Amino acid sequence: MASQINLELLPRARCFFDEPVQIKVTWLRSRQVVTMRARSTDERGVLFSSSAIYRADDRGEVDLNKQPSIGGSFVGVEPMGLLWSLRAEALHQYFQKEKALEPQVVTFSVHDEDEGRVLAEATSERLLLGDGVTRLPVIEGNINGVLFTPPGAGPFPAVLDLNSFPTEKRAALLANKGFVVLALCVFNVKPKNTKEIHLDRFRDGIHFLQRQPKVGGNGVGVLSRSKASDIALSVAAFLPSVNACVWINGCSANTFFPLYYNKRQILSTQLFDNSKVIPTESGAFINKYAHTNPLAEENKGSLIPIEQAKAQFLFVASEDDMCWDSKAYVDEMVERLKRHGKDNFESICYRTAGHVLNLPFSPFCPSSPHGICSYRAIWGGEPRAHTAAEVHLWKKIQEFFRAHLSCDDADESNK
């Protein structure tokens, strides 16, 4: 019977990174107990794996869309649990998948519970770059990024995808949805070698986007998370042509490095209190309480004047963010905008999600090395709720940009 056992990935094994896949096993014995496993190697060569135990139904089938795991990396009905629960053997590891050209390759297998032998196996390729989407590295003046352009005549709305460090995955997937996206990072050099950040580079990125022949509309969108989020607020506050800004789990003040524009400092740095960094038994640290109050007198010069921005804002906060007090910063920004008679914002709060809100079905990361501070950081979040937040947010981001960056005669085929 072992040779007949079939492991299916539906509707297809080759799909986009943000698409769910149905995992189904047939031709098992009635009520047979098996272990499902997944494994995937990241761009550094680190192996991540997950497992879950299932009992086949009376027909000898296991369908992860319907049946609960009874043990392993997760329990309960979790159709994509084998993906989001992928973990490295060592602690504090982040699944490194930043380049768009190659898919994430995941091998799924079903094993006999008693002997552990492989009964069936299937491989999924989870794509970041769709057919016809072009990827163009851009090194021009101050700009060092990657441009993604969807197929079709356009015009398409334009998005500046800001990340703290180089990554292409979010930009590539947005291009699949019908956006022209320029991926830029805040740090072109290591943070330890950074003394200041210049807004001019992001202004030049916006101008570059607006010159693209397939770009329509009068303004661009900005997408950000973490340190990049305070840069996004400054882009919206100080630069024209920004119609929509998505801020995810960051600060309402300028952080870590002073911000310059046109060769002069426009914002100082929010103070960071190292004495309030909390160590944990795992060897990682909690930063949440070390970022001082942005409204305090000593931080006055770092507070970003979002009230002068004309863009629409989408503020996204995870209440279990252990890196920033993101919910408090959202509350502060909303109150400030209201005080100035502004209603150009909406906000979402995820109660038990953590800091690293990533693409749907990404391996959950509870802790990893901090990109700026010289230690490992606790990011927070309950895995199930965090994953649900990522799925919800990814759809919301697209809806938000479509609402505020619409091109009347845009090509609809990619939506």
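Small disclaimer: the values here were computed from a predicted structure and weren't measured.

### Topic: the nonpolar core
One recurring pattern in soluble globular proteins is that nonpolar side chains are buried together. In this structure, Leu162, Leu182, Val235, Phe313 and Phe315 are the most contacted members of the largest nonpolar core, which totals 59 residues. Considering every element that reaches this core, the biggest residue donor is helix H4 (residues 227–238), with seven residues. Ranked by size, the runner-up nonpolar core spans 34 residues in total, among them Ala100, Phe148, Ala353 and Ala389.

### Details of helix H3 (residues 200–210)
Most of H3 is tucked away, with eight of its eleven residues classed as buried. When H3 is considered as a whole, its buried residues turn out to be Asp200, Arg201, Phe202, Asp204, Gly205, Ile206, Phe208 and Leu209.

### Quick look at the sheet that holds strand S15 (residues 197–198)
The three strands lie next to each other as S15-S18-S19, forming an open sheet whose pairing is mixed. Of all strands in the sheet, those bounded by a partner on one side alone are S15 and strand S19 (264–267). Relative to strand S18 (residues 259–261), S15 runs parallel, the two sharing two bridges. Residue pairing for S18: Ile197 is matched across the bridge by Leu259.

### Concerning helix H6 (residues 383–404)
In this model H6 runs 31 Å from its N-terminal to its C-terminal C-alpha over 22 residues, within 8% of the 32 Å that 1.5 Å per residue would give. Inspection of H6 places His386, Thr387, Ala389, Glu390, Leu393, Trp394, Lys396, Ile397, Gln398, Phe400 and Phe401 among the buried residues, and these make up the whole buried set.

### A short note on the packing of aromatic side chains
Scanning the model with the defined rule gives eleven aromatic pairs in all. The interplanar angle of 70° and the centroid separation of 5.7 Å between the aromatic rings of Phe187 and Phe257 together place this pair among those described as edge-to-face. Pair noted here: Phe187 is in the loop between strand S14 (180–185) and S15 and Phe257 is in the loop between strand S17 (242–248) and S18, with a separation of 70 residues, a long-range link. Given the relative accessible area of 3%, Phe187 is considered buried. Ring centres of Phe256 and Phe272 lie 6.1 Å apart, and the angle between their planes is 35°; this geometry places the pair in the tilted category. Residue Phe256 is located in the loop between S17 and S18, and its partner Phe272 is located in the loop between S19 and strand S20 (278–279); the two are separated by 16 residues in the primary sequence.

### Side note on the pairing of S19
Taken residue by residue, a regular strand's side chains alternate between the two faces of the sheet. Note that S18 and S19 share three bridges and pair antiparallel. Bridging across to S19, Tyr261 finds its partner in Arg264. What sits between S18 and S19 in their antiparallel hairpin is a turn of two residues, with Asn262 showing a positive phi close to 55°.

### With respect to the confidence of the model for the protein chain
Within the protein chain, residue pLDDT values average 95, and 97% of them lie at 70 or more. A low-confidence stretch, residues 409–415 (pLDDT under 50), is modelled with 18 contacts involving residues beyond four sequence positions or located in other chains.

### A few points about the environment of Leu7
Its place among the elements puts Leu7 in strand S1 (residues 6–10). Once the C-alpha coordinates of Leu7 and Ser109 are considered, the two residues, 102 residues apart in sequence, prove to be 7.5 Å apart. Beyond its immediate stretch of four places on either side in the chain, Leu7 contacts Ile23, Lys24, Val25, Met36, Phe108, Ser109, Val110, Ala120, Glu121 and Ala122.

### Some points on unusual backbone geometry
With an omega of 5°, the peptide bond running from Leu10 to Pro11 counts as cis. Considering the arrangement of structural elements, one finds Pro11 in the loop between S1 and strand S2 (14–16). The omega torsion across Gly154 and Pro155 is 0°, close enough to zero to call that bond cis. Considering the arrangement of structural elements, one finds Pro155 in the loop between strand S12 (143–149) and strand S13 (156–163). Although it is not a glycine, Asn249 adopts a positive phi angle of roughly 50°. By the secondary structure assignment, Asn249 is in the loop between S17 and S18.

Cut-offs used in this document
- Residues numbered from 1 in each chain as written.
- Predicted model: local features only at pLDDT ≥ 70, side-chain atom pairs only at ≥ 80, totals over all residues.
- Heavy atoms only, no water.
- Core = buried A, V, L, I, M, F, W, Y, C linked by side-chain atoms within 4.5 Å.
- Buried < 20%, exposed > 50% of the residue type's maximum accessible area, 1.4 Å probe, protein only.
- Helix = DSSP H or I, 4+ residues; strand = E, 2+ residues; numbered from the N terminus.
- Pairing = 2+ DSSP bridges.
- Expected span 1.5 Å × (residues − 1).
- Phe/Tyr/Trp six-rings, centres within 6.5 Å; stacked < 30°, edge-to-face > 60°.
- pLDDT = per-residue confidence, 0-100.
- Contact = heavy atoms within 4.5 Å.

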